[in-house]
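Below are the chains, spelled out letter by letter.
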Amino acid sequence: MFITIEGIEGVGKSTAVNFIKEYFLKHHIPFIVTREPGGTDIAEQIRKILLTPTEEIMLPETELLLMFASRIQHIKTVIMPALEAGQSVICDRFDDASFAYQGGGRGIDLAYIQNLDDWLVKRRPDLTLLLDASPTLGLMRAKHRGPQDRIEQEKTAFFDRVRAVYLERAKQDMKRFKIIDASRPLDVVQQEIKTLLDEVCL
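Residues numbered from 1 in each chain as written. Predicted model: local features only at pLDDT ≥ 70, side-chain atom pairs only at ≥ 80, totals over all residues. Heavy atoms only, no water.

Q: Before we move on, could you go through helix α7 (residues 156–172) and cite the residues and values that matter?
A: Taking 1.5 Å of rise per residue, the 17 residues of α7 would be expected to cover 24 Å, and the 25 Å separating its terminal C-alpha atoms lies within 8% of that figure. Buried positions along α7 lie against β1 (2–6), α4 (96–105), β4 (127–132), α6 (135–143) and β5 (177–181). (Helix = DSSP H or I, 4+ residues; strand = E, 2+ residues; numbered from the N terminus. Expected span 1.5 Å × (residues − 1). Contact = heavy atoms within 4.5 Å.)

Q: So what's going on with the environment of Ile20? Residues and values would help.
A: With respect to the element layout, Ile20 can be found in helix α1 (residues 13–26). Each residue touching Ile20, except ones within four places of it in the same chain, is listed here: Ile3, Ile5, Ile90, Leu129, Ile193 and Leu197.

Q: Go over the environment of Val89, please, and point to the residues and values.
A: By the element assignment, Val89 lies in strand β3 (residues 88–92). Here the alpha-carbon distance between Val89 and Thr4, two residues 85 residues apart in the chain, equals 8.1 Å. Every residue in contact with Val89, bar those within four places of it in the chain, is listed here: Met1, Phe2, Ile3, Ile32, Thr34, Ile79, Ala82 and Leu83.

Listed below in C-alpha coordinates is the structure:
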(Lines give C-alpha, C1' and ligand atoms only; values in the text may rest on other atoms or scores of the structure.)
Protein backbone atom coordinates (compact mmCIF):
# COMPACT_ATOMS: atom_id res chain seq x y z
CA MET A 1 0.00 0.00 0.00
CA PHE A 2 1.07 3.53 -0.81
CA ILE A 3 -0.88 5.82 1.53
CA THR A 4 -0.63 9.61 1.52
CA ILE A 5 -2.03 12.08 4.03
CA GLU A 6 -2.97 15.53 2.77
CA GLY A 7 -4.49 18.72 4.11
CA ILE A 8 -3.70 22.29 5.07
CA GLU A 9 -1.77 23.30 8.17
CA GLY A 10 -3.21 22.37 11.54
CA VAL A 11 -5.52 19.55 10.44
CA GLY A 12 -3.58 16.83 12.29
CA LYS A 13 -1.56 15.14 9.57
CA SER A 14 1.33 14.24 11.86
CA THR A 15 -1.07 12.75 14.39
CA ALA A 16 -2.76 10.75 11.64
CA VAL A 17 0.60 9.47 10.37
CA ASN A 18 1.48 8.26 13.87
CA PHE A 19 -1.92 6.57 14.19
CA ILE A 20 -1.46 4.72 10.89
CA LYS A 21 2.06 3.75 11.97
CA GLU A 22 0.68 2.18 15.16
CA TYR A 23 -2.04 0.41 13.15
CA PHE A 24 0.53 -1.12 10.81
CA LEU A 25 2.71 -2.22 13.74
CA LYS A 26 -0.29 -3.85 15.41
CA HIS A 27 -1.15 -5.79 12.24
CA HIS A 28 2.48 -6.67 11.42
CA ILE A 29 2.44 -4.83 8.11
CA PRO A 30 5.98 -3.90 6.99
CA PHE A 31 6.17 -0.18 6.22
CA ILE A 32 8.19 3.01 6.14
CA VAL A 33 7.10 6.52 7.11
CA THR A 34 8.29 9.48 5.05
CA ARG A 35 7.31 13.03 4.14
CA GLU A 36 7.29 15.73 1.51
CA PRO A 37 9.10 17.91 0.92
CA GLY A 38 11.88 15.74 2.29
CA GLY A 39 12.45 12.07 2.87
CA THR A 40 16.06 11.90 1.66
CA ASP A 41 19.21 13.82 2.60
CA ILE A 42 19.07 15.92 -0.56
CA ALA A 43 15.30 16.40 -0.36
CA GLU A 44 15.57 17.49 3.28
CA GLN A 45 18.08 20.16 2.26
CA ILE A 46 15.61 21.37 -0.36
CA ARG A 47 12.91 21.37 2.34
CA LYS A 48 14.97 23.82 4.41
CA ILE A 49 15.20 26.17 1.43
CA LEU A 50 11.45 25.91 0.83
CA LEU A 51 10.33 26.48 4.40
CA THR A 52 12.89 28.92 5.82
CA PRO A 53 11.65 32.53 5.76
CA THR A 54 14.00 34.90 3.90
CA GLU A 55 14.01 38.57 2.94
CA GLU A 56 14.08 37.58 -0.72
CA ILE A 57 10.65 36.58 -1.99
CA MET A 58 10.62 33.09 -3.51
CA LEU A 59 8.90 33.05 -6.89
CA PRO A 60 5.96 30.60 -7.26
CA GLU A 61 7.78 28.92 -10.16
CA THR A 62 10.90 28.45 -8.02
CA GLU A 63 8.81 26.94 -5.25
CA LEU A 64 7.10 24.54 -7.66
CA LEU A 65 10.32 23.35 -9.28
CA LEU A 66 12.02 22.87 -5.91
CA MET A 67 9.04 20.79 -4.78
CA PHE A 68 9.35 18.52 -7.79
CA ALA A 69 13.14 18.35 -7.50
CA SER A 70 12.67 17.11 -3.95
CA ARG A 71 9.87 14.77 -5.06
CA ILE A 72 11.74 12.93 -7.81
CA GLN A 73 14.68 12.35 -5.46
CA HIS A 74 12.20 11.02 -2.91
CA ILE A 75 10.34 8.77 -5.35
CA LYS A 76 13.39 7.15 -6.89
CA THR A 77 15.50 6.68 -3.76
CA VAL A 78 12.89 6.00 -1.07
CA ILE A 79 9.30 5.37 -2.18
CA MET A 80 9.80 3.04 -5.14
CA PRO A 81 12.54 0.94 -3.52
CA ALA A 82 10.33 0.42 -0.46
CA LEU A 83 7.28 -0.57 -2.52
CA GLU A 84 9.35 -2.89 -4.69
CA ALA A 85 10.72 -4.54 -1.53
CA GLY A 86 7.18 -5.29 -0.36
CA GLN A 87 6.90 -2.51 2.20
CA SER A 88 3.95 -0.18 2.51
CA VAL A 89 4.68 3.55 2.39
CA ILE A 90 3.00 6.13 4.63
CA CYS A 91 3.78 9.58 3.25
CA ASP A 92 2.94 12.93 4.85
CA ARG A 93 1.97 14.81 1.67
CA PHE A 94 2.74 13.91 -1.94
CA ASP A 95 2.01 15.39 -5.36
CA ASP A 96 -1.55 16.47 -4.57
CA ALA A 97 0.05 19.10 -2.34
CA SER A 98 1.69 20.76 -5.35
CA PHE A 99 -1.63 21.10 -7.14
CA ALA A 100 -3.16 22.53 -3.96
CA TYR A 101 -0.35 24.80 -2.74
CA GLN A 102 1.47 25.91 -5.87
CA GLY A 103 -1.64 25.66 -8.06
CA GLY A 104 -4.41 26.83 -5.78
CA GLY A 105 -2.34 28.84 -3.34
CA ARG A 106 0.21 30.42 -5.69
CA GLY A 107 -1.98 30.56 -8.77
CA ILE A 108 0.23 28.54 -11.13
CA ASP A 109 -1.72 27.06 -14.04
CA LEU A 110 -2.64 23.51 -13.06
CA ALA A 111 -1.76 22.33 -16.57
CA TYR A 112 1.91 23.18 -15.96
CA ILE A 113 1.87 21.22 -12.72
CA GLN A 114 0.17 18.31 -14.48
CA ASN A 115 2.92 18.27 -17.10
CA LEU A 116 5.58 17.96 -14.40
CA ASP A 117 3.53 15.35 -12.62
CA ASP A 118 3.05 13.26 -15.78
CA TRP A 119 6.78 13.40 -16.47
CA LEU A 120 8.08 12.58 -12.99
CA VAL A 121 5.42 10.75 -10.99
CA LYS A 122 4.82 7.21 -12.28
CA ARG A 123 3.23 5.68 -9.16
CA ARG A 124 -0.07 6.92 -7.77
CA PRO A 125 -1.00 6.48 -4.11
CA ASP A 126 -3.44 3.65 -3.42
CA LEU A 127 -5.21 5.71 -0.76
CA THR A 128 -5.14 9.42 0.02
CA LEU A 129 -6.60 10.61 3.29
CA LEU A 130 -7.59 14.27 2.97
CA LEU A 131 -7.93 15.74 6.44
CA ASP A 132 -10.26 18.67 5.93
CA ALA A 133 -10.96 21.65 8.18
CA SER A 134 -11.48 25.36 7.71
CA PRO A 135 -8.30 27.43 7.39
CA THR A 136 -9.41 29.49 10.37
CA LEU A 137 -9.43 26.41 12.59
CA GLY A 138 -6.30 24.90 11.05
CA LEU A 139 -4.22 28.05 11.41
CA MET A 140 -5.39 28.55 14.97
CA ARG A 141 -4.18 25.03 15.81
CA ALA A 142 -0.92 25.51 13.90
CA LYS A 143 -0.02 28.65 15.87
CA HIS A 144 0.20 26.59 19.05
CA ARG A 145 2.97 24.42 17.58
CA GLY A 146 5.63 27.12 17.71
CA PRO A 147 7.32 29.40 15.14
CA GLN A 148 5.69 29.36 11.71
CA ASP A 149 7.63 28.41 8.59
CA ARG A 150 7.54 30.39 5.35
CA ILE A 151 4.38 28.77 4.03
CA GLU A 152 2.55 28.73 7.36
CA GLN A 153 2.95 32.52 7.44
CA GLU A 154 0.58 32.92 4.48
CA LYS A 155 -2.81 34.60 4.94
CA THR A 156 -6.10 32.76 5.40
CA ALA A 157 -7.13 33.51 1.80
CA PHE A 158 -4.11 31.53 0.57
CA PHE A 159 -5.24 28.46 2.51
CA ASP A 160 -8.83 28.94 1.34
CA ARG A 161 -7.53 28.48 -2.22
CA VAL A 162 -5.39 25.51 -1.20
CA ARG A 163 -8.34 23.82 0.45
CA ALA A 164 -10.59 24.43 -2.56
CA VAL A 165 -8.16 22.64 -4.91
CA TYR A 166 -7.75 19.74 -2.49
CA LEU A 167 -11.52 19.28 -2.34
CA GLU A 168 -11.85 19.54 -6.12
CA ARG A 169 -9.17 16.90 -6.65
CA ALA A 170 -10.91 14.65 -4.16
CA LYS A 171 -14.17 15.11 -6.04
CA GLN A 172 -12.47 14.11 -9.29
CA ASP A 173 -10.92 10.94 -7.83
CA MET A 174 -13.32 9.66 -5.21
CA LYS A 175 -11.95 6.13 -5.43
CA ARG A 176 -8.50 7.17 -4.19
CA PHE A 177 -9.41 10.10 -1.95
CA LYS A 178 -11.22 9.78 1.36
CA ILE A 179 -12.22 13.09 2.91
CA ILE A 180 -12.11 13.11 6.70
CA ASP A 181 -13.66 15.96 8.68
CA ALA A 182 -10.69 16.95 10.84
CA SER A 183 -12.69 19.49 12.85
CA ARG A 184 -14.20 16.66 14.91
CA PRO A 185 -12.72 15.21 18.12
CA LEU A 186 -9.52 13.21 17.66
CA ASP A 187 -11.04 9.88 18.71
CA VAL A 188 -13.78 10.24 16.09
CA VAL A 189 -11.24 11.06 13.37
CA GLN A 190 -9.06 8.12 14.32
CA GLN A 191 -11.99 5.72 14.33
CA GLU A 192 -12.81 6.76 10.78
CA ILE A 193 -9.20 6.27 9.73
CA LYS A 194 -9.20 2.82 11.35
CA THR A 195 -12.35 1.85 9.46
CA LEU A 196 -10.80 2.92 6.15
CA LEU A 197 -7.58 1.03 6.90
CA ASP A 198 -9.55 -2.08 7.82
CA GLU A 199 -11.19 -1.95 4.40
CA VAL A 200 -7.99 -1.68 2.39
CA CYS A 201 -5.38 -3.48 4.50
CA LEU A 202 -7.08 -6.48 6.09
